[in-house]
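Commentary on secondary and tertiary structure
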Amino acid sequence: MLTPLGRLDKYAASDNVFNRQMVARSLLDTLREVCDDERDCIAVLERISRLADDSEPTVRAELMEQVPHIALFCQENRPAIPYAFSKYLLPIVVRYLADQNNQVRKTSQAALLALLEQELIERFDVETKVCPVLVGLTAPDSTDDVKTEAVAIMCRMAPMVGKDITERLILPRFCEMCCDCRMFHVRKVCAANFGDICSVVGQQATEEMLLPRFFQLCSDNVWGVRKACAECFMAVSCATCQEIRRTKLSALFINLISDPSRWVRQAAFQSLGPFISTFANPSSSGQYFKEESKSSDDASVEEKNSNERTRDQEAPEDVQIRPEDAPAEPAAGPPRVELEGTPEDGAESPRRPPGEGATLVGSSVLCAWSSEPPQEAAGDEKDRKPGHGRSASRLEEPGLLDQEYNSFHFWRTPLPEIDLDVELGQGSGSPLSPEGPGAAPQVSVPGSASLTMATRKELEELIENLEPHVDDPDVRAQVDVLAAALRASSLDACDEPGEVARRSPVQDEPAAGELPGCGLSREASVPLISDAVEDVDSALCYMRHDPDLGSDGGFSPDEERRPRVQDVVPQALLDQYLSMTDPSRAQTVDTEIAKHCAYSLPGVALTLGRQNWHCLRETYETLASDMQWKVRRTLAFSIHELAVILGDQLTAADLVPIFNGFLKDLDEVRIGVLKHLHDFLKLLHVDKRREYLYQLQEFLVTDNSRNWRFRAELAEQLILLLELYSPRDVYDYLRPIALSLCADKVSSVRWISYKLVSEMVRKLHRAAPPSFGVDLIHELVENFGRCPRWSGRQAFVFVCQTVIEDDCLPMDQFALHLMPHLLTLANDRVPNVRVLLAKTLRQTLLEKEYFSASASCHQEAVEQTIVALQMDRDSDVKYFASTHPAGTRISEDALSTASSTY
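As the structure is a computational prediction, the values presented were derived from the model and not from experiment.

Take the overall build of the protein next. From N to C terminus, the protein includes 44 helices and 2 strands. For the protein, buried positions account for 51% of its 902 residues. Intrachain contacts of the protein at a sequence separation of at least 6 include 74% that bridge at least 24 residues. In the form shown here, the protein has an accessible surface area of approximately 41,400 Å², with 52% of it arising from carbon and sulfur atoms.

Here is a general trend for soluble globular proteins: nonpolar side chains tend to be buried in one another's company. Core analysis: the largest hydrophobic core is formed by 162 residues, its most contacted members being Phe194, Tyr577, Leu681 and Phe814. Looking at this core element by element, the count peaks at 9 residues for helix H35 (residues 747-766). With residues up to four places along the chain from it excluded, the contact list for tyrosine 577 reads Leu272, Gly273, Ile276, Cys597, Ser600, Leu601, Val604 and Leu616. Ranked by size, the runner-up nonpolar core spans 55 residues in total, among them Leu31, Ala52, Met64 and Ala150.

Applying the stated criterion across every chain, the model contains 17 aromatic pairs. Relative to phenylalanine 194, the ring of phenylalanine 174 has its centre 5.6 Å away and its plane inclined at 55°; by these criteria the two rings are tilted. Remark: phenylalanine 194 occurs in helix H12 (residues 194-201) and phenylalanine 174 occurs in helix H10 (residues 163-178); sequence separation between them is 20 residues. Looking at phenylalanine 194, the relative accessible area reads 0%, which means it is buried. Both rings, one in tyrosine 694 and one in tyrosine 733, keep their centres 5.3 Å apart while their planes meet at 75°; by these two values the pair is edge-to-face. Pair noted here: tyrosine 694 is in the loop between helix H32 (686-690) and helix H33 (708-721) and tyrosine 733 is in helix H34 (residues 727-742), with a separation of 39 residues, a long-range link. Given the relative accessible area of 53%, tyrosine 694 is considered exposed. Members of the aromatic cluster, joined through ring pairs, are Phe174, Phe194, Phe214, Phe233, Phe253, Phe275 and Phe279. In this structure, arginine 735 packs its charged tip against the face of tyrosine 731, placed 4.2 Å from the ring centre.

Orientation of H34 relative to H35, taken along the N-to-C sense of each, is 155°, at an axis distance of 9 Å. Comparing the axis directions of H34 and H35 gives the class roughly antiparallel. Between H34 and H35 the crossing geometry is left-handed. Mapping the contact onto sequence places Pro727, Val730, Tyr731, Leu734, Arg735, Ala738, Leu741 and Cys742 in H34 and Val749, Arg750, Ser753, Tyr754, Leu756, Val757, Met760, Lys763 and Leu764 in H35.

UniProt's feature table lists "repeat: HEAT" (unreviewed entry) at residues 89-127, given in the numbering used throughout. Between the end C-alpha atoms of residues 89-127 there is a gap of 16 Å, over a span that is 74% helix and 0% strand.

Before going further, it helps to spend a moment on a negative patch on the surface. Taken together, the side chains of Glu460, Glu461, Glu464 and Glu467 present a region of like negative charge at the surface. Mapping glutamate 464 onto the fold places it in helix H21 (residues 453-466).

Here the focus is the pattern of salt bridges. Counted under the stated rule, the structure contains 36 salt bridges. The salt bridge involving arginine 7 is made with glutamate 33; its shortest N-O contact spans 3.5 Å. Of the two residues, arginine 7 sits in helix H1 (residues 4-12) while glutamate 33 sits in helix H3 (residues 27-33), which places them 26 residues apart along the sequence. Among the residues examined, glutamate 33 registers a relative accessible area of 47% and is labelled partly exposed. Among the ionic pairs, aspartate 53 bridges to arginine 95, the shortest N-O distance being 3.3 Å. Of this pair, aspartate 53 sits in the loop between helix H4 (38-51) and helix H5 (57-76) while arginine 95 sits in helix H6 (residues 84-96), placing them 42 residues apart in sequence.

This part covers the packing of helix H26 (residues 593-608) against helix H28 (residues 629-646). One can describe the packing of H26 onto H28 by two numbers: an axis separation of 9 Å at closest approach and a directional angle of 5°. Compared by their axis directions, H26 and H28 come out roughly parallel. Only Lys630, Val631, Thr634, Leu635, Ser638, Leu642 and Ile645 of H28 make contact with H26, whose side of the interface consists of Ala594, Lys595, Ala598, Tyr599, Leu601, Pro602, Ala605 and Leu606.

Roughly 50° is the biggest bend found in H34, and it falls at leucine 734, with proline proline 736 one to four residues downstream. Those residues of H34 not exposed but buried are Asp729, Val730, Tyr731, Leu734, Arg735, Ile737, Ala738, Leu739, Leu741 and Cys742.

Further remarks concern the side chain of lysine 848. Position of lysine 848 among the secondary structure elements: in the loop between helix H40 (831-843) and helix H41 (849-853). For lysine 848, a relative accessible area of 18% puts it in the buried group. A polar contact is formed between the side chain of lysine 848 and the backbone oxygen of isoleucine 804, at a distance of 3.2 Å. Not counting residues up to four positions away in its chain, the partners in contact with lysine 848 are Ile804, Glu805, Asp807 and Met811.

The next subject is the environment of proline 274. By the secondary structure assignment, proline 274 is in helix H17 (residues 262-277). C-alpha separation for the pair proline 274 and alanine 235, spaced 39 residues apart in sequence, amounts to 9.2 Å.

This part takes up the environment of leucine 51. Position of leucine 51 relative to the elements: it lies in helix H4. Taking the C-alpha atoms as reference points, leucine 51 and alanine 13, separated by 38 residues in sequence, lie 9.2 Å from one another. Each residue touching leucine 51, except ones within four places of it in the same chain, is listed here: Val23, Ala24, Leu27, Val59 and Leu63.

Here we take up H6. Helix length check: H6 (13 residues) gives 18 Å between terminal C-alpha atoms against 18 Å at 1.5 Å per residue, within 8%. A maximum bend of about 35° is found in H6 at leucine 90, where proline proline 91 lies one to four positions downstream. Counting buried residues along H6, 10 of its 13 residues qualify, which places the element largely inside the surrounding structure. Among the residues of H6, those classed as buried are Ala84, Phe85, Ser86, Tyr88, Leu89, Leu90, Ile92, Val93, Val94 and Tyr96. Looking at the buried positions of H6, the neighbouring elements they touch are H4, H5, helix H7 (102-117) and helix H8 (123-137).

Each value, and the rule that gives it
Residues numbered from 1 in each chain as written. Predicted model: local features only at pLDDT ≥ 70, side-chain atom pairs only at ≥ 80, totals over all residues. Heavy atoms only, no water. Helix = DSSP H or I, 4+ residues; strand = E, 2+ residues; numbered from the N terminus. Buried < 20%, exposed > 50% of the residue type's maximum accessible area, 1.4 Å probe, protein only. Contact = heavy atoms within 4.5 Å. Areas by Shrake-Rupley, 256 points an atom, 1.4 Å probe, with all protein chains shown as cover. Core = buried A, V, L, I, M, F, W, Y, C linked by side-chain atoms within 4.5 Å. Phe/Tyr/Trp six-rings, centres within 6.5 Å; stacked < 30°, edge-to-face > 60°. Lys NZ or Arg CZ within 6 Å of the ring centre and 35° of its normal. Axes fitted to C-alpha atoms, helices over the stretch in contact; angles between N-to-C directions. Parallel < 35°, antiparallel > 145°, perpendicular 65-115°, else oblique. Left-handed = near helix turned anticlockwise from the far one by under 90°. UniProt positions renumbered as here; feature names shortened; annotations may be inferred. Patch = residues over 30% accessible without salt bridge, like charges linked within 9 Å, V, L, I, M, F, W, Y side chains within 5 Å. Salt bridge = Lys/Arg side-chain N within 4 Å of Asp/Glu carboxyl O. Lys, Arg positive; Asp, Glu negative; His and termini not counted. Charge placed at Lys NZ, Arg CZ, Asp CG, Glu CD. Bend = angle between axes of the 7 residues up to and from the residue. Polar contact = N/O pair within 3.5 Å; in protein donor to acceptor, adjacent residues only side chain to side chain. Expected span 1.5 Å × (residues − 1).

If you want it as C-alpha cells, here you go:
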C-alpha cells in the first residue's frame, strides 16, 4: 500500500544490502511512475544522491550501472525536470571515477563513456566538471591504478569531445603523461591511444607537439610501450604530412621492425602493410581497368617494360633457356644433384673467376617445373625476382617434382650428370680421351676447384642427413654425387694451386681400396667432378646468404634488368614487406606473418600502382603457394580487388593462373574465390571468361557434403553470372547446375535456386529466338511438375510462384506454358503441395491484373481450381484457398510453413 516514494525510502534505509541493491535497480521504474509530478521526480533524484553515499561497493556499482538509463529518461523528459542530470547525476559519475573500489571505478568509467557517446553531457559540463577531474586524477600524487585509468579515459573520450576541448584541456596533460618516468603503465596507455589523439588534434598539433613524444615512446626501454607504438603507427602516419612520413617515420618504423623484442617485431610487421598504404597518393587513386584507357605516363612505362621483355627474348638461343624446348620431367640418366638458379642470356655466373668461360656441360642447363604447361611457364620466367623461385639454391628433395604445389613453376639448374660406373670403368689403365667413346665433354676448370674445409664439412653434414633415407633411389643418387664431390676435393687438396692446368695425361696409381684398372683420369674425369664440386660449393655458399640480398648470388645482369625499385614508398619499407614471405620470418617473428602480408597486399599494390606490380609479383606468387591454407584463403578473398587494381592485361598474365589454382584448392580457399566469382570473371575478356563455364560444375563437389553454404553461395553467384554469358551458354552450362540445386537436400539452398531458375527463365525468354526459354520450361515441367516425389512437385510450385512475383514471364506466356501444369496439382495426393498451390493462386496469381481484370478462359480456370481447393478435405488447404491472410511470400514461406520443408 506504499507510494512509490514511500517504498523507495523504506528499502533504501534497510540494513539488508540486497534490499538497497534492489532499490538501485528499480530507480528507473520509480521515476516512470512519478514522471507526471515534477516534485516527485526531484525527490527521487535527491534520494539517488543519498544512495550514492552507501558504504557498500556493490550498491554503488549497481547504482552507477543505472545512471545512463536514468540520464536518458531525464533527457526525454527534460521540460519536466530541467538540469536534472547536470545537478544530480553527473557529480556522482565524476566522484566515482576516484572511488577506492575498483568495480565502482570501472562502472563509472563505462557510464561516463556511454553518456558522452549518447551526447547526454553538455559541452559546458565537459569543460568545467569532467575534464578538470580527470586531469587532477593524473597528478603525481594519484595512485598508480587511478592515474592509468584516468589517462585511458581521457584518450577514449577525445574523439567524442572534439578537437577544441582535446587541444586545450587534454593534450597538454597527455604529452606530460607520455614522459612519465616512474610508471611504464601510463606510457603504455599513451602509446596505445596515440593514434586516436593524433587523428583528433590534426596535422599541425601532431607534428609540433606529439611527434617528439612519439619518438621517445618508440625508443622506450619497455618493450610493451614500443609494441603499442608499432600497433598505432598507421594512425599516426595518417596525421602527418608526406615529407615527415617519408623522412622521419619510415626510419623510425625500420627501427621497430629490427627491434630486439620479438613481440615488437611481430606488431611492426603486422602494421607494415597499413603503414605503406599511407603513402598512397589520393589524386591517383582512381583506377581504370581496360588498358586502352590508361594515361600517357603509364603507357610509356608499359612501352619501356615491353622493350625490356623484347630484349629478353632476343638473347642468344644457344644459352637462353626456353621452356618449350626443355623436358617437362627430369631426364632419365645417371644420378645427379639438381640445384636451383638459372644463368641466362650467355652471361657469366659470378661464381666463376673473371675471364673464365662458363661452359655448359651436356644437360647441365635443364628446367624442371610442376605440372603446368610450358607456355605458362614461359610467361612467368620473364620477370622473376632474384633469390626466389629460380635461384633459391637447395638440394632437391625426393619426389618434389611430383608434388602439386599450386601450379607454380620451380626452375633448377642441375649439376652435370656423372655416371660414376662409366668413368671409373673405362680405360683399364689407359688415359681417357675427350674424343673417346663415352667420354664427357671437356670442361674448362677454374684455377682451384677444391672445396674449403667449411664447405666439405657442410657436404658431410648433408650426406649424413640423407643417409637415413638412402633406401630411396633418388636419395641414393644424391649421396653418390655428393660423395664424388668430396672425393674430388680430397684429390685436389693434394696438389699445388694451379697444378690442374699443368697435369700430364699419365694415369695415377690406383688408390687403396680401388679395383685394379679403375683409376680416374686427371685430364678427363677430374674436370667433370671439379665442375660438380664448384657448383655445389657455390650453392652452399649461396645458402649461407639471404636470398633477398644476393647481388653476387649467381644472377645474370638480364635477370636484374627490372629491379624491384620504385619511388612511391621508401625502398627499405618495401624490402621489409617483401621479406615477410621469407620462411625464417615465421621462425623469428610470427608464424602468422605470411597471413598478415597477404591481408595487406591489395593495399600495398594500390599504393605502388600497377606500374610497380613487378615489385610484388614474386611475393604474391609465393603467398599463393604458401603451405598454410589461411594465407591462400586470404588471397582468394581479395583477388578480385587486386584484379581491379592491376587491369586486364596484368590480370590475365599473373592473376588468372593463381585464380585457377585456387579453384582446385581446399574448400576453405575455394569459398573465397566463389564469393567473388562474378566480380573476378566480369573483368576478364569474353573468350577467357567462357573457359570457366566448364569448371562451374566442380563447385557442386565439396570436401564435406554437409557444407551446404558452399552450394548456396554458388546459386547466388550464378544469378549474377547470367548477365555475363550468352543464352546458349546459360542453357548449356548453367541450366544443369541450377536444376541440380533446386533438388538440393537443404532448404536454404533450394530457396536461392528457385530465384536462380526464375531469372534464367527471364533471360532465356527474352533471347532471340526464345526457344531456349521454352525448352527450359518444358524441362521444369517434366523434371519437377511431373516428378514422382512430392518434394519435386512442391519445388515446381515454388518456381512458378517466384516467376509470378518477379515478373520473369509475361502473364500470357505464363498462362500458356506453366499455368496448365500448375493447376493440375490441385488434385495432388500430398496436402503440402496443395497448401502451397492454394497460397500461390490466392496470394500471388490473383494479384496480377491479367487474371483479375480480364474475363478470359485462364481466369475461369484459376477460379474453378480455387473453388475446388476451398472444398478440400484438408483444413489447411481450405484455409489458404478461402481467405486472404497477411501476405506470406516465398521468402516468408521458406522458414515458417510446414509446406515449404521436406
